[in-house]
Amino acid sequence: MARQQEQQGRLDERGRQEQQEQQEQQEQRELRGGGGGVADLHAVPNGPDQKDVPDAQGVPDLRAGRGGCPYVMDGLGRDVQGEGALLRGQGEAVRVVLPGGVGAWAVTDPAVIRGLLTDGRVSKDAYRHWPAWQRGEVGAEWPLAVWVSVQNLVTSYGAEHRRLRGLMGSAFTARRVGLLGPRVGEIAAGLLEGMETAAREARGGVVDVRGLYAQPLPSRVMLELFGIPEEFRGALREIIEGFFATGVSLEDARRNYAALYRTMGELVAFKRRRPGEDLTSALIAAGSGADPADPAASSDLTDLTAVAGGSGAGGPEAPRSGGLSEKELVDNLIMLLSAGCEPTVNLLANAVVLLLREPGQLELVRSGRASWGDVVEEALRVEAPGANAILRYAVEDVRVGETVIPRGDALVIGFAAAGRDPGVHGEDAERFDVMRATRREHLSFGHGVHYCLGAPLARLEAEIALQALFDRFPGMRLAVEPGALRPTESFISNGPREVPVLLGPPTDGVR
């Protein structure tokens, strides 16, 4: 327990310092008018499988690149690192087509990303700064519409972002996170017991570390933190997984989004009736400025037209004075739950695969030459849990070297590609090396004012969970060749669908 408390304290302090530094940098840039100095934009060649490029929306001259068409991103995410390397090789900003035929610029250079993410001329608010959304050219029929239609901390801009960050901060306090270390350890221990039992009962002793450990651990932490009743948990887990699936049909996307809002609306109504000492109740109280049991703000959120904004949505739902509108409340709960689960699942699953694939790196930790914190940072760098972030928008023309990204154009931020940039991390940037000098120089938790609010919790969970897993099963090994692991079907979420392992003999010793 002392070790867990020490880890938690160190992670909290590191997170507070990073957020403070990035907030100060952003405020200074806004005062100066921003500016993300970047190099020339190279012309875009034809990418693979681009014979039938859909009509792209949102970028007027999208087909003007070399070869007549932009690069079509793979919605199934079958090779996010290979795709990232291809885009990185074409320059700092590349014209692309997203699933559903929406045009954008993909940015992969770390220096360019840092510049854009601290530039006041770049927004995340589609209602204010994406003409294609405002005019209804992109609307509810887009399978990824929910990623831009939501009104929450992640999609806000300027004063709205500062307002929401203040409200989220009042609920997601360091004290709440600080109390979670021992509980994370307890959850890990229980899951490891269950995994050992499953291995004894499984054919050949093969178990899935993602399904039995990496997925339920952060999920259970977040569900407890938010006070989610047992009857809501199964549905929420399934819906959140569907939220990150970017290769689904429009029909499946609509069905999942409708279920998401229906379930979240029912959850908010339940917590208003039965508030507790949890984040959901705290957000309801912070948003309304009143008792969380007050039903005055309740509304029906099951209409998908309201969910996705609809074609020609016009504008977002207006917030209550000093608080949250009902849609903002639900959308921020969606953001916090999804961002607190799926990326940490991928972080854990990726780290396990990397360590089992490179046993020499694990030995560096066991010998004391490297720490579990080093493992977490290098895993975040070499396999960013969120491969690509959608979307941001140019508030005005933004010069990128000799190229101007026109006002209103959309941008995709390639965090996975940035993590393997050889200009920052060397020619072996794709190699997992826990002693790498630049292991902490990644952007996997974002940068600037949108730096991840839950980064300290994710680091805490990962350090505790990985140490507990490898202490309990020191002889664990992959049950398949690394090349046989299947990626999640998403170009946003980056991690293996399952991690089949043979646990080997367990040990009760704790280092």
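All figures in this text were calculated on a predicted structure; none of them were measured in a lab. (Residues numbered from 1 in each chain as written. Predicted model: local features only at pLDDT ≥ 70, side-chain atom pairs only at ≥ 80, totals over all residues. Heavy atoms only, no water.)

Colleague: Let's hear about the overall build of the protein: which residues, and what values?
Modeller: Along the backbone of the protein there are 21 helices and 11 strands. Looking at the protein as a whole, 58% of its 511 residues qualify as buried. A fraction of 76% describes how many contacts in the protein between residues 6 or more apart in sequence connect residues 24 or more apart. Of the accessible surface of the protein, which amounts to about 20,200 Å², a share of 49% is contributed by carbon and sulfur atoms. (Helix = DSSP H or I, 4+ residues; strand = E, 2+ residues; numbered from the N terminus. Buried < 20%, exposed > 50% of the residue type's maximum accessible area, 1.4 Å probe, protein only. Contact = heavy atoms within 4.5 Å. Areas by Shrake-Rupley, 256 points an atom, 1.4 Å probe, with all protein chains shown as cover.)

Colleague: Could you give an account of the environment of Pro482, with specific residues and numbers?
Modeller: Within the element layout of this structure, Pro482 appears in the loop between β10 (477-478) and β11 (500-502). Residue class for Pro482 comes out partly exposed when judged on its relative accessible area of 30%.

Colleague: Talk me through the pattern of salt bridges; I want residue IDs and the actual numbers.
Modeller: One pass over the structure, following the stated rule, counts 28 salt bridges. Residue Glu230 is joined to Arg233 by a salt bridge in which the shortest nitrogen-to-oxygen separation is 3.7 Å. Placement of both Glu230 and Arg233 in helix α12 (residues 230-243) is noted, with a separation of 3 residues, approximately one turn of the helix. Assessed through its relative accessible area of 57%, Glu230 is described here as exposed. A salt bridge links Arg255 to Glu251; the shortest N-O distance between them is 2.9 Å. Taken as a pair, Arg255 and Glu251 lie in helix α13 (residues 250-273) at a separation of 4 residues, close to a single helical turn. A relative accessible area of 46% places Arg255 in the partly exposed class. (Salt bridge = Lys/Arg side-chain N within 4 Å of Asp/Glu carboxyl O.)

Colleague: Can you break down the sheet that holds strand β1 (residues 71-72) residue by residue, with the values?
Modeller: If you walk across this open sheet you meet the 6 strands as β1-β2-β3-β9-β6-β4, and the pairing is mixed. At either end of the open sheet lies a strand with only one pairing partner, and these are β1 and β4 (122-123). Where strand β2 (residues 93-98) meets strand β3 (residues 102-107), 6 bridges bridge the pair, whose relative direction is antiparallel. Paired with Leu98 across the two strands is Val102, which belongs to β3. Those strands touched by helix α3 (residues 110-117) are β3, β4, β6 (388-394) and β9 (410-414), and its axis lies near 130 degrees from that of β9. (Pairing = 2+ DSSP bridges. Axes fitted to C-alpha atoms, helices over the stretch in contact; angles between N-to-C directions.)

Colleague: Go over the nonpolar core, please, and point to the residues and values.
Modeller: Generally speaking, soluble globular proteins have nonpolar side chains that are buried together. Formed by 122 residues in total, the largest nonpolar core has its most connected members in Leu98, Trp130 and Leu391. If one sorts the elements of this core by residue count, helix α16 (residues 326-357) sits on top with 18 residues. (Core = buried A, V, L, I, M, F, W, Y, C linked by side-chain atoms within 4.5 Å.)

Colleague: Which residues make up the sheet that holds β10, and what values go with them?
Modeller: Across the sheet, which stays open at both edges, the 3 strands sit in the order β5-β11-β10 with antiparallel pairing between neighbours. Pairing within the sheet leaves two strands with one partner each, and these edge strands are β5 (206-208) and β10. Pairing of β5 with β11, which is carried by 3 bridges, proceeds in the antiparallel orientation. Residue pairing for β11: Asp208 is matched across the bridge by Pro500.

Colleague: How would you sum up the environment of Lys124? Please name residues and give values.
Modeller: Mapped onto the elements of the fold, Lys124 is located in the loop between β4 and α4 (126-129). Judged by relative accessible area, Lys124 falls into the buried class, the value being 11%. Taking the C-alpha atoms as reference points, Lys124 and Arg392, separated by 268 residues in sequence, lie 4.5 Å from one another. Setting aside chain neighbours within four positions, we find Lys124 in contact with Val154, Thr155, Ser156, Leu391, Arg392, Tyr393 and His450. Reaching out from Lys124, the side chain makes a polar contact with the backbone oxygen of Val154 at a distance of 3.3 Å. (Polar contact = N/O pair within 3.5 Å; in protein donor to acceptor, adjacent residues only side chain to side chain.)

Colleague: An account of unusual backbone geometry is requested, with residue identities and associated values reported.
Modeller: Here the residue pair Ile390 and Leu391 is connected by a cis peptide bond, since its omega of -15 degrees sits within 30 degrees of zero. Assignment of secondary structure puts Leu391 in strand β6.

Colleague: Any chance you could break down the side chain of Glu196 for me, citing the residues and the numbers?
Modeller: With respect to the helices and strands, Glu196 occurs in helix α9 (residues 180-201). Glu196 sits in the buried class, given a relative accessible area of 17%. Once residues lying within four places of it in the same chain are set aside, the contact partners of Glu196 are Arg472, Phe473, Leu503 and Pro506.

Colleague: Talk me through the confidence of the model for the protein; I want residue IDs and the actual numbers.
Modeller: Considering every residue of the protein, the mean pLDDT works out to 80; 77% of them sit at 70 or more. Here residues 21-68 is a poorly scored stretch, pLDDT under 50, and it has 105 contacts once near neighbours within four places are set aside; other chains count. (pLDDT = per-residue confidence, 0-100.)

Colleague: Describe the packing of aromatic side chains, and please don't skip the residues or the numbers.
Modeller: Tallying each qualifying case throughout the model produces 7 aromatic pairs. Ring centres of Trp130 and Trp133 lie 6.5 Å apart, and the angle between their planes is 5 degrees; on these two criteria the pair is classed as stacked. Just as Trp130 is buried, Trp133 falls in that class too. Taking 5.9 Å as the distance between ring centres and 25 degrees as the angle between the ring planes, the aromatic pair formed by Trp372 and Phe470 counts as stacked. Highlighted residues: Trp372 in helix α18 (residues 372-382) and Phe470 in helix α21 (residues 455-472), separated in sequence by 98 residues. Judged on exposure class, the residue Trp372 and its partner Phe470 are both buried. An aromatic cluster of three or more residues is present, and its members are Tyr127, Trp130, Trp133, Trp142 and Tyr393. (Phe/Tyr/Trp six-rings, centres within 6.5 Å; stacked < 30°, edge-to-face > 60°.)

Colleague: Which residues make up the pairing of β6, and what are the values?
Modeller: With 7 of its 7 residues buried, β6 lies for the most part within the structure. Alignment of β6 against β9, held across 5 bridges, turns out to be antiparallel. The partner of Ala389 across the bridge, within β9, is Ile413.

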